[in-house]
Every structure is written in structure tokens, then in C-alpha cells.
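Listed below, chain by chain, are the residues.
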Amino acid sequence: MSEKTHAGEWNENQFYLEEDHHPEGSTMLGFWLYLMSDCLIFAVLFATHAVLGRNYAAGPSPADLFDLPLVAINTAMLLLSSITYGFAMLQMERNARMETIFWLGVTGLFGLTFLGLELYEFYHLIQEGAGPGRSAFLSSFFTLVGTHGLHVTFGIIWLVTMMVQVKMHGLIPENRRRLMCLSMFWHFLDVIWIGVFSFVYLMGVLG
């Protein structure tokens, strides 16, 4: 808070306390705890799909519904977005603000492409009468894949926010820390999607 000097005037330079109120490493620890809680959520969804994934209720099976080439393209989009985010982090280490923003933008475009293809798949399945209410298999499928897609949506919103922050304030320590957290989150979503692609799509069609 401001201090009143002996002359009766307020010293505006003392508004912020000088000591550090943000212990180093506390944000990263907190974010790791969040990611572990997210791991538990996805573990439950994977387990649910493992139990319900063969309950078709005389309806279509994964082999009848899934378009593996389309899903492979979608997977490539997300994996490429992870690579371009890595380029953004390299530019951040070089303290190159505009290059960092550029690669964040490319990452966001890959992420939007991924979401667009996923929404197209959902729309196509629902149009065929294979909505989430058709069978237990489809309920677990839509819940698992939809939850991952929701995380990607939040990640893109966070990414756009960081692009604005970096443009306005540069690569200050706070923005670097936030970009590191977003990097962990984005790569985490890639790992989860590899599990979805392998366990839900490949095993569903080929198993």
C-alpha cells in the first residue's frame, strides 16, 4: 500500500511490496497436481470404455462406424501441433517475441483443424443414427472423445490468450511460466489422444 511521508504526501512508489509473494516452482507443482487429477479423469473414462466398448445393443460396431484414414489425419494434426509448440518454446528461449507468437498461431491452427475434423466425425455419426444414446459403446465413446475435445478447446482459448499476453507484455517471467504450463498441458493432450487412437479406434476396428 502507499506510505505517507513525513511531509504528509503519499509515496506512490511503495504501492507494491518488494518481497516475492510467488515462491519459485509453486506454479509448476500446482500444475503437475492438476495434470495428475486430469489423468485420473481420463483413466476412469478409459476404464469405462473398456467395460462398455463391446456393448453394441444390436447396433453398429466400431468397424462399421470409424473411418481410420480420417482419424489418422486428425491424429497427425494434433501431433504436428505438438511439434510447432516445441518450436514456439525454442523461440521463447531465444527471447524472440514475434517468432514465438507465430508458432503459437500455427499450433492453434493445427488444433482448430483437429477440432473441426472431430466435430465432422461426430456430426457424421449422429446423422447415421449412431448418437451417444444408441448404445453403451457409443455413450462411452462420445464421452471419452468429447472430453478430450473439450480439453483441446480450452487449450486453444488459453493459447490465444497467451498470444495476446506475449504481444502486449513480451516474454516476461510470468508469461514464460504460463507458456511452460500450457506446453505441459498441450503435450499431455497429445499423449491422451495417442491412447484414444490406439485403444478406441485401432483396437475397436482391428480387435
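Higher on the page you've got the structure.
Cut-offs used in this document
- Residue indices follow the written sequence of each chain, beginning from 1 at its first position.
- Local features are withheld for residues below a pLDDT of 70 in this predicted model, meaning they are given only at 70 or higher, and side-chain atom pairs are given and counted only at 80 or more; totals for whole chains, interfaces and linings count all residues.
- Neither water nor hydrogens contribute to the side-chain values; these are computed over all heavy atoms in the structure.
- Stacked, edge-to-face and tilted are the three classes for Phe, Tyr and Trp ring pairs, Trp counted by its six-membered ring, which pair at centre distances within 6.5 Å; planes under 30 degrees apart are stacked, over 60 edge-to-face, the rest tilted.
- A run of H or I in DSSP becomes a helix once it reaches four residues, and a run of E becomes a strand once it reaches two; helices and strands are each numbered from the N terminus.
- Buried means the residue's accessible area, taken with a 1.4 Å probe over protein chains only, is under 20% of the maximum for its type, while exposed means over 50%, and partly exposed covers the values in between.
- What is meant by a nonpolar core is a set of buried Ala, Val, Leu, Ile, Met, Phe, Trp, Tyr and Cys residues, joined one to another through side-chain atoms within 4.5 Å.
- Every angle, taken between N-to-C directions, lies between 0 and 180 degrees, and every axis is a line fitted to C-alpha atoms, over only the stretch in contact when it is a helix.
- Any angle from 65 to 115 degrees is called roughly perpendicular, while one under 35 is roughly parallel, one over 145 is roughly antiparallel, and all others are oblique.
- Less than a right angle of anticlockwise turn of the near helix away from the far helix marks a crossing as left-handed, whereas a clockwise turn marks it as right-handed.
- When checking whether two residues touch, look at their non-hydrogen atoms; a contact exists if any pair is within 4.5 Å.
- Under the convention adopted here, Pro, Cys and the residues Ala, Val, Leu, Ile, Met, Phe, Trp and Tyr are nonpolar, Asp, Glu, Lys and Arg are charged, and Gly plus all remaining residues are polar.
- What makes a patch is a set of residues exposed beyond 30% relative accessible area and free of salt bridges, joined within 9 Å when like-charged and within 5 Å when nonpolar (Val, Leu, Ile, Met, Phe, Trp, Tyr).
- In short, Shrake-Rupley with a 1.4 Å probe defines the accessible areas, and a residue's cover is counted only from the protein chains shown.
- We define a salt bridge as a side-chain nitrogen of Lys or Arg found within 4 Å of a carboxyl oxygen belonging to Asp or Glu.
- Between the first and last residue of a helix there are one fewer steps than residues, each counted as 1.5 Å, and that sum is the expected span.

K.L.:
Before we move on, could you go through the packing of aromatic side chains and cite the residues and values that matter?
P.N.:
The full count for this structure, using the stated rule, is 19 aromatic pairs. Residues phenylalanine 66 and phenylalanine 141 carry aromatic rings whose centres are separated by 5.0 Å and whose planes lie at 40° to one another, so their mutual orientation is tilted. Here phenylalanine 66, found in the loop between α2 (62–65) and α3 (68–93), pairs with phenylalanine 141, found in helix α5 (residues 136–169); they are 75 residues apart in sequence, far enough to count as distant. By relative accessible area, phenylalanine 141 is classed as buried at 0%. Taken together through their ring pairs, the aromatic side chains of Tyr56, Phe66, Phe114, Phe122, Phe137, Phe141, Phe142, Trp193 and Tyr201 make up a single cluster.

K.L.:
Before we move on, can you summarise the nonpolar core with the specific residues and values?
P.N.:
The biggest cluster of nonpolar side chains holds 48 residues, and the ones touching the most others in it are Phe141, Leu179, Trp193, Val196 and Tyr201. Where this core is concerned, the elements lending two or more residues are α1 (26–52), α3, α4 (97–127), α5 and α6 (173–206). For this core, the element with the most residues is α6, which contributes 14 residues.

K.L.:
With reference to specific residues and values, describe the packing of α1 against α5.
P.N.:
Direction vectors running N to C along α1 and α5 enclose 160°, while the axes themselves pass 7 Å from each other. The angle between the axes of α1 and α5 places the two elements in the roughly antiparallel class. Handedness of the α1/α5 crossing: left-handed. Listed contacts from α5 to Phe31, Tyr34, Asp38, Phe42, Leu45, Phe46, Thr48, His49 and Leu52 of α1 are Ala136, Phe137, Ser140, Phe141, Thr143, Leu144, Thr147, His148, His151 and Trp158. Taken together, the residues of the contact of α1 with α5 sort by class into eleven nonpolar, seven polar and one charged.

K.L.:
Tell me about the packing of α3 against α4, and please be specific about residues and values.
P.N.:
In contact at an axis separation of 8 Å, α3 and α4 are set at 165° when each is read in the N-to-C sense. If you check the angle between α3 and α4, you find them roughly antiparallel. Crossing geometry of α3 relative to α4 is assigned as left-handed. Looking at side-chain class alone, the contact of α3 with α4 contains 17 nonpolar, eight polar and three charged residues.

K.L.:
Just give me the short version of the environment of phenylalanine 66, but keep the residues and values in it.
P.N.:
Residue class for phenylalanine 66 comes out buried when judged on its relative accessible area of 8%. For the pair phenylalanine 66 and leucine 202, spaced 136 residues apart in the sequence, the C-alpha separation amounts to 9.3 Å. Other than its neighbours up to four places away in sequence, phenylalanine 66 contacts Glu121, Phe137, Phe141, Val200, Tyr201 and Val205.

K.L.:
Quick rundown of a nonpolar patch on the surface? Include the residues and the values.
P.N.:
A contiguous nonpolar patch, built from Leu29, Trp32, Leu33 and Met36 and spanning about 450 Å² of accessible area, is present on the exposed surface. Positionally, tryptophan 32 belongs in helix α1.

K.L.:
Mind laying out the side chain of threonine 84, listing which residues take part and the relevant values?
P.N.:
One can find threonine 84 in helix α3. The residues touching threonine 84, leaving out its near neighbours within four places in the chain, are Trp103, Val106, Thr107 and Phe110.

K.L.:
I'd like a description of the environment of valine 145, backed by residues and values.
P.N.:
Tracing the backbone shows valine 145 in helix α5. Taking the C-alpha atoms as reference points, valine 145 and phenylalanine 122, 23 residues apart in sequence, are found 9.6 Å from one another. Contact partners of valine 145, with chain neighbours within four places excluded, come to Glu118, Phe122, Trp193, Val196 and Tyr201.

K.L.:
Kindly report on α4, identifying the contributing residues and their values.
P.N.:
For α4, spanning 31 residues, the distance from its first C-alpha to its last is 45 Å, which sits close to the expected 45 Å at 1.5 Å a residue. Glycine 129 sits one or two residues past α4 and shows a positive phi near 85°.

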